[in-house]
Amino acid sequence: DVYKRQCRVPMNLAAQKVKTAMVGLVSIVAVACLAFMMLMTVADVTLRAFNPNWRIFGMLDYVEFSMDWLVFLAIPLSVAAGQIIVVDIVDLFVRGRSLKIFGALVTLGVAVMIGFHTITPALEILEWRERTFDLNILKFYYWIPIWIGFALLVLAAFTEIWGTRK
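Residues numbered from 1 in each chain as written. Predicted model: local features only at pLDDT ≥ 70, side-chain atom pairs only at ≥ 80, totals over all residues. Heavy atoms only, no water.

Undergrad: What is the right way to read helix α3 (residues 59–80) from this model?
TA: Counting along an α-helix, one turn takes 3.6 residues, and residues three or four places apart therefore face a common direction. Between its first and last C-alpha, α3 extends 32 Å over 22 residues, near the 32 Å set by a 1.5 Å rise per residue. Those residues of α3 lying buried are M59, D61, S66, D68, W69, L70, F72, L73, P76, L77, V79 and A80. Following α3 by one or two positions, G82 has its phi on the positive side, about 80°. (Helix = DSSP H or I, 4+ residues; strand = E, 2+ residues; numbered from the N terminus. Expected span 1.5 Å × (residues − 1). Buried < 20%, exposed > 50% of the residue type's maximum accessible area, 1.4 Å probe, protein only.)

In structure tokens form, the structure reads like this:
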């Protein structure tokens with residue numbers, strides 16, 4: 001609440017349009033992932049209730065991949081919604097527009113740093129050709145939603161910075 005009160009800075013129109021389009025599209029995909037996971041889980045549990053031998057083959061792979069998408073789409077959505085965590089000590093020294101820009105810059109730095117550190121493990125998994133147990137999906141594909149999520153996080157941070165320009 002303190003962050004929101006201190007950062008009531010109007011966003012410029014172009015940044016607002018980019019942010020609105022990103023939030024709309026990403027929200028739809030995230031909701032679809034959540035609905036898919038829930039429906040598949042309910043269907044699998046229901047089938048097993050009727051007969052323990054009935055199951056949806058590859059259920060764990062479906063849920064893991066959907067969860068991957070859901071989590072890494074939710075992170076940029078929270079940044080786009082202005083839900084950046086501010087440490088109390090920082091808001092003593094930085095206020096208003098500067099606090100919003102500082103929060104977006106820190107978010108941007110963390111996203112770039114973590115995103116950069118995902119490259120090596122992903123390439124190792126690709127080199128080893130590691131696959132999932134049931135559906136035999138190449139585990140490298142699990143890194144794609146992570147990278148897309150970080151790219152959207154960078155976009156959300158940029159729109160926060162761009163939107164607070166005078």
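Undergrad: Before we go on, may I ask you to explain the pattern of salt bridges in this structure?
TA: A side chain of one charge can pair with a side chain of the opposite charge if their charged atoms are brought near each other. Inspection of every chain in the model, using the stated rule, returns 4 salt bridges. Of the charged contacts in the structure, one is a salt bridge between E160 and K19, with a shortest N-O distance of 3.0 Å. Here K19 lies in helix α2 (residues 13–50) and E160 lies in helix α7 (residues 143–163), a separation of 141 residues in the sequence. Neither E160 nor K19 differs from the other in exposure class; each is buried. For the salt bridge of R48 with D44, the shortest nitrogen-to-oxygen distance reads 3.2 Å. Separated by 4 residues within a single helix, R48 and D44 lie in helix α2, roughly one turn from each other. What makes D44 buried here is its relative accessible area of 8%. (Salt bridge = Lys/Arg side-chain N within 4 Å of Asp/Glu carboxyl O.)

Undergrad: What exactly am I supposed to notice about the nonpolar core here?
TA: Looking at soluble globular proteins, one finds that nonpolar side chains tend to be buried together. The biggest cluster of nonpolar side chains holds 23 residues, and the ones touching the most others in it are M22, V26, L73 and F150. If you list the elements that add at least two residues to this core, you get α2, α3, α6 (119–128) and α7. It is α3 that provides the largest number of residues to this core, a total of 7 residues. Residues contacting F150, with those up to four places away along its chain left out, are F72, A111, I114, G115 and T118. (Core = buried A, V, L, I, M, F, W, Y, C linked by side-chain atoms within 4.5 Å. Contact = heavy atoms within 4.5 Å.)

Undergrad: Before we go on, may I ask you to explain the packing of helix α5 (residues 96–116) against α7 in this structure?
TA: Helix-helix packing is described using two parameters, namely the angle between the two axes and the distance between the axes. Two elements in contact, α5 and α7, have axes whose closest approach is 9 Å; the angle formed by their N-to-C orientations is 160°. The angle between α5 and α7 places the two elements in the roughly antiparallel class. Along this stretch, α5 crosses α7, giving a crossing that reads as left-handed. For the pair formed by α5 and α7, the contact residues are K100, I101, A104, L105, T107, L108, A111, V112, I114 and G115 on the first element and W147, F150, L153, V154, A157, F158, E160 and I161 on the second. In terms of residue class, the contact of α5 with α7 is built from 14 nonpolar, 2 polar and 2 charged. (Axes fitted to C-alpha atoms, helices over the stretch in contact; angles between N-to-C directions. Parallel < 35°, antiparallel > 145°, perpendicular 65-115°, else oblique. Left-handed = near helix turned anticlockwise from the far one by under 90°. Nonpolar A, V, L, I, M, F, W, Y, C, P; charged D, E, K, R; others polar.)

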